[in-house]
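A look at the structure
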Amino acid sequence: MGPQISPSILSSDFARLATECEAVAGHADWLHVDVMDNHFVPNLTLGLPVVESLLRTVQTPVDCHLMIEDPDRWAPAYAEAGAGSVTFHVEAAGAPIRLAREIRAQGARAGMALKPATPVEPYADLLAELDMLLLMTVEPGFGGQSFLEVVVPKIRRASALIAGRELDIWLQVDGGVDLRTIEVCADAGANVFVAGSSVYGADDPAAAIDSLRAAALAAAPAPSV
Ligand code: DX5
Ligand code: ZN
């Protein structure tokens with residue numbers, strides 16, 4: 001699998017959401033939708049009704065990143081609504097294994113997110129229950145923050161854990177991803193890249209996605225044969 005780019009609509013104009021999604025169609029692999037509840041993170045964005053409307057409008061698969069408390073209660077509905085991928089935070093989940101299974105049972109890919117200070121090693125045995133591991137490279141809550149270089153060793157360790165167990169799990173990074181930091185992340189083993197301000201802050205968001213993908217491809221380790 002080549003590198004995938006998931007532009008975050010958090011950095012788009014919410015009053016023109018459908019148009020903003022259309023602007024990256026055919027270039028984005030996913031649309032990254034940040035759901036924030038003002039409890040798990042100190043910011044409030046959008047919820048299930050807006051995601052349902054988007055799903056009726058856009059062709060690009062939707063990648064929901066739930067920064068909410070009690071994902072055990074709320075996350076399966078995003079999968080049932082038709083999101084292609086649903087990611088919950090392990091710090092908020094009461095029963096992450098059951099939750100991942102419920103998301104998968106609704107036909108979506110199950111993702112689990114870790115905040116920058118949450119270590120990956122305690123969750124090594126959970127990886128087999130997941131389709132994607134998301135390593136936050138900023139503190140979740142806001143777009144436009146600076147990439148936390150301190151997370152890079154964890155990306156490497158997570159990539160090695162996945163490879164060591166021969167699992168087919170995507171490794172996503174989210175926060176401060178731009179033309180420079182995407183190379184650092186790809187070199188460390190990430191293969192799905194969320195980018196908000198570096199896509200929607202660009203004059204041409206579609207071209208920005210293409211540039212990010214090319215940079216990731218150039219920096220990714222050669223596949224082992
Ligand atoms: C932050 C969100 C990110 C955010 C990324 O909590 O999860 O998806 O939109 O924005 P940038 O790419 O600007 O850091
Ligand atoms: Zn996100």
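Throughout what follows, the structure given in this document is the object of discussion. Computed from a predicted model, the values in this text were never measured in an experiment.

On to the coordination of the zinc ion (ligand 2), then. Each protein donor to the zinc ion (ligand 2) is listed here as His32 (NE2), Asp34 (OD), His65 (ND1) and Asp174 (OD); together their distances run 2.0 to 2.3 Å. Considering all six donor atoms around the zinc ion (ligand 2), the spread of angles at the metal, 70 to 171°, places the coordination shape in the octahedral class. Between consecutive donors of the zinc ion (ligand 2), the numbers of intervening residues give the motif H-x1-D-x30-H-x108-D. Of the two residues, His65 sits in strand S3 (residues 62-67) while Asp174 sits in strand S7 (residues 170-174), which places them 109 residues apart along the sequence.

Right, let's talk about the site of ligand 1 for a bit. Taken together, 20 residues form the shell around ligand 1, and within it Ser8, Gly141, Asp174, Gly196 and Ser197 come nearest. Within the backbone of Gly141, an N or O atom sits 2.7 Å from an oxygen atom of ligand 1. A distance of 2.7 Å separates an oxygen atom of ligand 1 from a polar atom in the backbone of Gly196. Computed on the free molecule, ligand 1 has an accessible area of 390 Å², of which 100% lies beneath the protein chains in the complex. Sorting the residues of the shell around ligand 1 by element identifies strand S2 (31-36), S3 and strand S8 (192-195) as the ones contributing at least two each.

Turning our attention to helix H4 (residues 96-105). Along H4, the residues classified as buried are Pro96, Leu99, Ala100 and Ile103. Along the long axis of H4, the arc covered by the buried residues comes to 100°, so they all point the same way. Exposed side chains of H4 directed beyond 90 degrees from the buried face belong to Arg98 and Ala105. Those residues of H4 that are buried are in contact with helix H3 (71-81), strand S4 (85-89) and strand S5 (109-114). Once H4 ends, the next one or two residues include Gly107, with phi positive near 95°.

Every α-helix carries 3.6 residues per turn, so stepping three or four residues along brings you back to the same face. Regarding helix H6 (residues 181-188), the residues found buried are Thr181, Ile182, Cys185, Ala186 and Ala188. With its buried residues spanning 160° around the axis, H6 presents them on a single face.

This part is about the packing of H6 against helix H8 (residues 205-219). At a minimum axis separation of 8 Å, H6 and H8 run at an interaxial angle of 40°. Between H6 and H8, the angle is such that the two are oblique. The crossing of H6 and H8 is right-handed. For the pair formed by H6 and H8, the contact residues are Ile182, Glu183, Ala186 and Asp187 on the first element and Leu212, Ala215, Ala216 and Ala219 on the second. Along the lines of polarity and charge, the residues of the contact of H6 with H8 split into six nonpolar, no polar and two charged.

The rules behind each value
Residues numbered from 1 in each chain as written. Chains lettered and ligands numbered in written order. Predicted model: local features only at pLDDT ≥ 70, side-chain atom pairs only at ≥ 80, totals over all residues. Heavy atoms only, no water. Donors = N, O, S within 2.8 Å, 3.2 Å for Na, K, Ca; no water. Tetrahedral: all angles 85-135°; square planar, octahedral: opposite > 155°, others 65-115°. Helix = DSSP H or I, 4+ residues; strand = E, 2+ residues; numbered from the N terminus. Near = heavy atom within 4 Å. Polar contact = N/O pair within 3.5 Å; in protein donor to acceptor, adjacent residues only side chain to side chain. Areas by Shrake-Rupley, 256 points an atom, 1.4 Å probe, with all protein chains shown as cover. Buried < 20%, exposed > 50% of the residue type's maximum accessible area, 1.4 Å probe, protein only. Arc of directions from axis to C-beta. Contact = heavy atoms within 4.5 Å. Axes fitted to C-alpha atoms, helices over the stretch in contact; angles between N-to-C directions. Parallel < 35°, antiparallel > 145°, perpendicular 65-115°, else oblique. Left-handed = near helix turned anticlockwise from the far one by under 90°. Nonpolar A, V, L, I, M, F, W, Y, C, P; charged D, E, K, R; others polar.

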